[in-house]
Structure formats: structure tokens, C-alpha cells
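# Understanding the architecture of this molecule
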Amino acid sequence: MSALISYAPGHYTPPSDHLRFGRESAFAGGSLLWLLRRNCSLTPRQLLAFYASLCLLSLAIAGMFWLRGATLVMPLAGIEMLAVGAALLLYARHAADSESIRLRPGRLIVRRVHGPHVEQVEFAPAWVRVEPESGDRSLIELSGQGRRISVGRFVRPELRRQLADELRWALRRWQSSPRAAMNAGARAEEESELKWES
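These notes cover the structure that comes with them. (Residues numbered from 1 in each chain as written. Predicted model: local features only at pLDDT ≥ 70, side-chain atom pairs only at ≥ 80, totals over all residues. Heavy atoms only, no water.)

### Digging into the packing of helix H1 (residues 44-67) against helix H2 (residues 73-93)
Where H1 meets H2, the closest approach of the two axes is 9 Å, and the angle between their N-to-C directions is 170°. As judged from the angle between their axes, H1 and H2 are roughly antiparallel. Of the residues in H2, those touching H1 at Pro44, Leu47, Phe50, Tyr51, Leu54, Cys55, Ser58, Leu59, Ala62, Gly63, Phe65 and Trp66 are Val73, Met74, Ala77, Glu80, Met81, Leu82, Val84, Gly85, Leu88, Tyr91 and Ala92. For the contact of H1 with H2, the per-class residue count stands at 19 nonpolar, 3 polar and 1 charged. (Axes fitted to C-alpha atoms, helices over the stretch in contact; angles between N-to-C directions. Helix = DSSP H or I, 4+ residues; strand = E, 2+ residues; numbered from the N terminus. Parallel < 35°, antiparallel > 145°, perpendicular 65-115°, else oblique. Contact = heavy atoms within 4.5 Å. Nonpolar A, V, L, I, M, F, W, Y, C, P; charged D, E, K, R; others polar.)

Structure, rendered in C-alpha cells:
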């Protein structure tokens, strides 16, 4: 598994010297995005096209045997295609798995997609802790405000420490900027007003 960083042309500035896995957005007030994906050779659409062509070829060959009098070849080809289809379905179900981490002014949004399950957690950047779960090569745990989520599944274990350092650097950079202090203060005021109103 590896990290894949994709961005739309013209929407992101060239990578900074400090960012290996993430990209800085030219829009949205200088937000940062880390997009980590499973390393897959086929997209689900390509996989479907491959499976359809495999079925057509297999059924064409089985049809020729059927015409020659070997009637058991067609049902066996059907069973074989069902088994291959089930295996490809399991593969395709997790082909689009990903983790995205977006640092915006005033919040850190972590989104993890695992098959049909989507988990999203938001943090106030000033309160986020970035730590390994158990050791240097383990998953990275982001925690704060009573919430936690693990990331780094699609990064090689020996590079997870570098990803954690990059996240820490970005959070420190955000906290040290004057704009961050203003945004955090405004957000805290909004939250306290909402608590008093309810």
C-alpha cells in the first residue's frame, strides 16, 4: 500500500519543502490536504469492463463446446464466472478505500472510507494530538476533545513517522500564524454563545 496524492490542475500550489504527503491549497485560505489511498492497479469501472470481457470470452468458448455436444462445459463455465465475479466484487469493494485529512482555518477534518463505511471526525487544530498508536511504525492516532481516529493505513510503515511529523509541523504552523489565533478566538466565542443560548 502507498500514499497517492491527487489534485485538480490549477487548484493547488506546488508542494512545499515541508510537505511530502500533503498539498497546500491556493484557495480556501491556505488549507492543507493529505489524501491517502490504497494502491490499486484497476479502478472499479475498469474491473467491471475486464470482468464483462472475461465472461463473454468464457461463455463463447463454452458455447462452442455446447454445440459440439459437451453440455457440461456451459454450467461449469457459469459456476467459474460466478466464483471469479465474487472474488472481483470483494476486491472492488475496497478499491476506493481512502483517508483524507484537511486542515482548514479553525478545524481539522479527518475522513476515512473503508468499503461502504465512512467515518468523519472534526477537531479544533489547537487541541489535536498526533501520536503513534503503539510504536514508530504503527498507525498514527489523531486525538482531541474526546474523539480519536487512526490514520496511515495506506502509507508504508517506515514512512508513517514522516507523515506524523508532517502533520505536527502543519498543526504548529497553523497555531503560530496570527490568522489562526483570530480564527480560534472567533470559533471559541461562537461555541460559548451557542452554549449560552441553548
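### Comments concerning the side chain of Glu141
Relative to the helices and strands, Glu141 resides in strand S7 (residues 140-144). Of the residues examined, Glu141 reaches a relative accessible area of 14% and is grouped as buried. Of the polar contacts made by the side chain of Glu141, one reaches the side chain of Arg148; its length is 3.1 Å. If near-sequence neighbours (up to four positions away) are discounted, Glu141 is found in contact with Arg129, Val130, Glu131, Glu133, Arg148, Ile149 and Ser150. (Buried < 20%, exposed > 50% of the residue type's maximum accessible area, 1.4 Å probe, protein only. Polar contact = N/O pair within 3.5 Å; in protein donor to acceptor, adjacent residues only side chain to side chain.)

### As for the sheet that holds strand S2 (residues 32-37)
Judged by pairing direction, the sheet is antiparallel, and its 5 strands sit side by side in the order S1-S2-S3-S4-S5 without closing on themselves. Edge positions in the open sheet fall to strand S1 (22-24) and strand S5 (117-123), since each of these has one partner strand only. Neighbour-to-neighbour, the strand axes of this sheet turn through a mean angle of 15°, independent of strand direction. In the sheet, strand S4 (residues 107-114) pairs with S5 via 7 bridges, with the strands oriented antiparallel. Each residue of the ladder has a partner; that of Val110, found in S5, is Val121. (Pairing = 2+ DSSP bridges.)

### Side note on the sheet that holds strand S8 (residues 147-151)
What the 3 strands build is an open sheet, ordered S6-S7-S8; its pairing is antiparallel. Whereas interior strands pair on both sides, the edge strands pair on one side only; in this sheet they are strand S6 (129-132) and S8. Within the sheet, the average angular offset between the axes of one strand and its neighbour, ignoring direction, is 25°. Contacts from helix H3 (residues 160-176) reach S6 and S7, with the element oriented near 170° to S6.

### Focus: the layout of surface pockets
Computed from the structure, the largest pocket encloses a volume of approximately 180 Å³. As for the largest pocket, its lining consists of 11 residues, and the residues nearest its centre are Arg37, Arg38, Cys40, Thr43 and Ala95. By residue class, the composition of the lining of the largest pocket is 6 nonpolar, 2 polar and 3 charged. (1 Å grid on protein atoms, 1.4 Å probe; cavity = no way out; pocket = protein on both sides within 12 Å on 5 of 7 lines; lining within 4 Å. Points joined across faces, edges and corners; volume = space filled by probe spheres on them.)

### Looking at a nonpolar patch on the surface
Taken together, Leu57, Ile61 and Phe65 make up a surface patch of nonpolar side chains, about 280 Å² in accessible area. Mapped onto the fold, Phe65 is located in helix H1. (Patch = residues over 30% accessible without salt bridge, like charges linked within 9 Å, V, L, I, M, F, W, Y side chains within 5 Å. Areas by Shrake-Rupley, 256 points an atom, 1.4 Å probe, with all protein chains shown as cover. Salt bridge = Lys/Arg side-chain N within 4 Å of Asp/Glu carboxyl O.)

### Re H3
Here H3 contains 17 residues, and its C-alpha end-to-end distance of 24 Å stays within 8% of the 24 Å for a straight helix at 1.5 Å per residue. All of the buried residues along H3 are Arg160, Leu163, Ala164, Glu166, Leu167, Trp169, Ala170, Leu171 and Trp174. (Expected span 1.5 Å × (residues − 1).)

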